[in-house]
Amino acid sequence: MPVVRFGIIILADQRWQDSVRRWRLAEDYGFDHAWTYDHLGWRSLVDGPWFDAVPTLTAAAMVTSRISLGTLVASPNFRHPVSFARQLTALDDISGGRLLLGLGAGAGGDSFDARVLGDRPLSARERVDRFAEFAGLLDRVLRTDHVTWSGRYYRAVDARNLPGCVQQPRIPLVLAANGPRSIALAARLADGWVTTGHPADGIAAWWRSVGDALRRLEDALAAAGRDPMPVPKYLSLDASGVYALSSVGYLTDAAGRAGDLGFTDVITHWPRPDGPYAGQESVLAAAAADLLVP
């Protein structure tokens, strides 16, 4: 099997006294990176417990020492780059430089995040415009002191960033991108790229979609004058419609297929007792024993 790194998403749907076990185990099992969602509420879990990404990752940083920690993905729906940069700088410091910053365009349509603050709905084009502005200003504030910016969606006046990030020149940005404009943004700005592919009629079509997206990214990186090889390429396996931890064999095959396509990293979700990503923790433990190096 081609060598890929493994990541795990731990939803922030439990009180910390219950969730802490999962973050510790993620490191003990040997995962390379662990992530949580950045939402105010998410799909069918919106009526249940839900906790913010930044304090969750801060707590996770305090009970781990090796594993990279990240947002998959931070949302412009409710965050401002200036205040968010301050939170991220603190989190990068607390984690000792283990933070990965996944960024996306933000959920649209009738999603909870898009409507809970009472803002008008944005078109798909507007969401990508806002994404480009969000990522661009965040990149600048994380790198540079005294930033002034005036855009359509965000403004900053003499924004400060001292003491700056532990990781230099800033926290790595991992941009979620599928369409041509967001892929071009990732090629220009990102340190890594993550995709869920496109909704497809069957798993074979989904695999074709992620392969096509990867080729488009590589073309965009080349057009931007960047070598595609060193850029980490993350694939969220569970977006295929089949839960990757349905069995050890399935995860092994999916990771191998992703590596064959050219992905450097694969990500699945921590099993939940029911609902989204329902599965058995025994499968996770067995997969870790077979595939990961603790």
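These figures come from a predicted structure and were not determined experimentally. (Residues numbered from 1 in each chain as written. Predicted model: local features only at pLDDT ≥ 70, side-chain atom pairs only at ≥ 80, totals over all residues. Heavy atoms only, no water.)

Q: What am I meant to see in the overall build of the chain here?
A: Helices and strands together make up the secondary structure of the chain, namely nine helices and ten strands. Relative to the compact-globule value of 19 Å for 294 residues, the chain shows a C-alpha radius of gyration of 18 Å, a close match. Seen along its three principal axes, the alpha-carbon backbone of the chain occupies a region of about 50 × 45 × 35 Å. Within the chain, the fraction of its 294 residues that count as buried is 53%. For the chain, long-range pairs separated by at least 24 residues make up 71% of all intrachain contacts whose partners lie at least 6 apart in sequence. For the chain, the exposed surface amounts to about 12900 Å²; the carbon and sulfur share of it is 53%. Positive and negative charge centroids in the chain, built from 30 and 32 side chains respectively, lie 5 Å apart. (Helix = DSSP H or I, 4+ residues; strand = E, 2+ residues; numbered from the N terminus. Rg over C-alpha atoms; globule rule 2.2 N^0.38 Å. Buried < 20%, exposed > 50% of the residue type's maximum accessible area, 1.4 Å probe, protein only. Contact = heavy atoms within 4.5 Å. Areas by Shrake-Rupley, 256 points an atom, 1.4 Å probe, with all protein chains shown as cover. Lys, Arg positive; Asp, Glu negative; His and termini not counted. Charge placed at Lys NZ, Arg CZ, Asp CG, Glu CD.)

Q: Any chance you could explain the pattern of salt bridges here in plain terms?
A: Charged atoms that come close allow side chains of opposite charge to pair. Counted according to the given criterion, the structure contains 15 salt bridges. Two residues, R170 and D139, come together in a salt bridge whose shortest N-O distance is 2.5 Å. Placement of the pair is R170 in the loop between β6 (155-159) and β7 (173-176) and D139 in helix α5 (residues 124-143), with a sequence separation of 31 residues. Accessibility assignment for this pair places R170 and D139 in one class, buried. Linking D145 and R160 is a salt bridge whose minimum nitrogen-to-oxygen distance equals 2.7 Å. Pair noted here: D145 is in the loop between α5 and β5 (147-150) and R160 is in the loop between β6 and β7, with a separation of 15 residues, a long-range link. With a relative accessible area of 35%, R160 lands in the partly exposed category. Through salt bridges with shared partners, a single ionic network connects D139, R143, R170 and D191. (Salt bridge = Lys/Arg side-chain N within 4 Å of Asp/Glu carboxyl O.)

Q: Is there a simple way to think about the packing of aromatic side chains in this case?
A: In this description, a pair of aromatic rings is defined by centroid distance and the angle of the planes. Applying the stated criterion across every chain yields a total of nine aromatic pairs. A centroid spacing of 5.1 Å and a plane angle of 75° characterise the contact between W206 and W207, whose relative ring orientation is edge-to-face. Judged on exposure class, the residue W206 and its partner W207 are both buried. Note on Y243 and Y277: the rings are 6.1 Å apart at their centroids and 50° apart in plane angle, and the pair reads as tilted. You can see Y243 sitting in the loop between β9 (233-236) and α8 (248-261) and its partner Y277 sitting in the loop between β10 (265-269) and α9 (281-291), a full 34 residues away along the chain. The rings of Y37, W42, Y243 and Y277 are connected pair by pair, giving a single aromatic cluster. (Phe/Tyr/Trp six-rings, centres within 6.5 Å; stacked < 30°, edge-to-face > 60°.)

Q: Explanation requested: a nonpolar patch on the surface in the structure shown.
A: A surface patch of nonpolar side chains, about 230 Å² in accessible area, is lined by L40, V116 and L117. With respect to the helices, strands and loops of the structure, L117 is situated in the loop between α4 (112-115) and α5. (Patch = residues over 30% accessible without salt bridge, like charges linked within 9 Å, V, L, I, M, F, W, Y side chains within 5 Å.)

Q: Would you explain unusual backbone geometry in this entry?
A: Keep in mind that most residues, glycine aside, have a negative phi and that most peptide bonds are trans. Along the chain, L162 connects to P163 via a cis peptide bond; the corresponding omega equals 10°. Between Q168 and the following residue, P169, the backbone shows a cis peptide bond with an omega angle of 10°. Its location among the elements puts P169 in the loop between β6 and β7. One non-glycine residue, H146, adopts positive backbone phi at about 65°. Inspection of the secondary structure puts H146 in the loop between α5 and β5. For H146, a relative accessible area of 46% corresponds to the partly exposed category. With phi around 50°, D158 is a residue other than glycine that occupies positive phi space.

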